[in-house]
Amino acid sequence: MSQIIPIYIPTYISDQNFNPSRVLPRLLFYNGLIDCETYWIESGSAAFGGVTYQQNAFPYFDNYNVVSGSFPTSDSKSLLFNNENAAYGEIPTDTLYSTYWSTYVNLLYDPRTRLINASAIIPFAEYTKLNLNDIIEWRSNYYHLRAINDYSVKTGECSVQLLGPILPDALNR
């Protein structure tokens, strides 16, 4: 990068007086080193032979994944459920919510959606292959498998919970 920028240290405030807040561990993308204005890091005490290191780059961690050494664009991947202003670059358009959850939440609140509780007999060989994100066809409609409860290994009897019928674009994923 040809431009030297000031170092960015994210700060989280807890109240109107700008007191810092306690932040629990978070997941961030490591986006390489970014050139910045010179800063120094001290190791140990100067009275006891400490060393001072001059730095001209800082490790750039962010909620957005970018090409190493650059800044977020509208195509960057995001770890946020609702994107915030980026410290550098543009705000990405996709969020975790829009990528993974929007179709499911739209299905939950669609007026045509029904939650069906049913009894079923599922052979053990089929039961071991089922996942809770599977799509089940029943009476010419497709449903999301929400739960399998009270499964009997002897008889295969259980109660299932189905959500749907699913939205048409869910089959295309």
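A short tour of the structure in this document, coming up.

**A short note on the sheet that holds strand β6 (residues 135-138)**
Through backbone hydrogen bonds, the strands of a sheet pair up, either in parallel or in antiparallel fashion.
Thinking step 1. Pairing is antiparallel across the open sheet formed by four strands, whose spatial order is β5-β8-β7-β6. The open sheet terminates on both sides in strands that have one partner only, identified here as β5 (114-121) and β6. Averaged over all adjacent pairs, the angle separating strand axes in this sheet is 45°, with direction ignored.
Thinking step 2. Direction of pairing for β5 relative to strand β8 (residues 157-164): antiparallel, over a ladder of eight bridges. Within β8, the position partnered with Ile121 by the bridge is Glu157.
Thinking step 3. Across the face of the sheet, helix α1 (residues 96-108) comes into contact with β7 (141-149) and β8 while running at roughly 95° to β8.

**Topic: the environment of Ser76**
Thinking step 1. Structurally, Ser76 can be placed in the loop between β3 (64-65) and β4 (77-78).
Thinking step 2. Separated by 17 residues in the primary sequence, Ser76 and Thr93 have C-alpha atoms spaced 7.9 Å apart.
Thinking step 3. The contact partners of Ser76, leaving out residues within four places of it in the chain, are Tyr64, Asn65, Val66 and Pro92.
Thinking step 4. There is a polar contact of 3.3 Å between the side chain of Ser76 and the backbone oxygen of Asn65.
Thinking step 5. Here the side chain of Ser76 touches Thr73 through a polar contact of 2.9 Å, landing on its backbone nitrogen.

**What about a nonpolar patch on the surface?**
Thinking step 1. A contiguous nonpolar surface patch, about 400 Å² in accessible area, is contributed by Leu28, Tyr30, Leu33 and Phe61.
Thinking step 2. Looking at the secondary structure, you find Tyr30 in strand β1 (residues 29-43).
Thinking step 3. Assessed through its relative accessible area of 48%, Tyr30 is described here as partly exposed.

Thresholds, definitions, all that
- Residues numbered from 1 in each chain as written.
- Predicted model: local features only at pLDDT ≥ 70, side-chain atom pairs only at ≥ 80, totals over all residues.
- Heavy atoms only, no water.
- Pairing = 2+ DSSP bridges.
- Helix = DSSP H or I, 4+ residues; strand = E, 2+ residues; numbered from the N terminus.
- Axes fitted to C-alpha atoms, helices over the stretch in contact; angles between N-to-C directions.
- Contact = heavy atoms within 4.5 Å.
- Polar contact = N/O pair within 3.5 Å; in protein donor to acceptor, adjacent residues only side chain to side chain.
- Patch = residues over 30% accessible without salt bridge, like charges linked within 9 Å, V, L, I, M, F, W, Y side chains within 5 Å.
- Areas by Shrake-Rupley, 256 points an atom, 1.4 Å probe, with all protein chains shown as cover.
- Salt bridge = Lys/Arg side-chain N within 4 Å of Asp/Glu carboxyl O.
- Buried < 20%, exposed > 50% of the residue type's maximum accessible area, 1.4 Å probe, protein only.

All we've got here are geometric facts, nothing functional implied.
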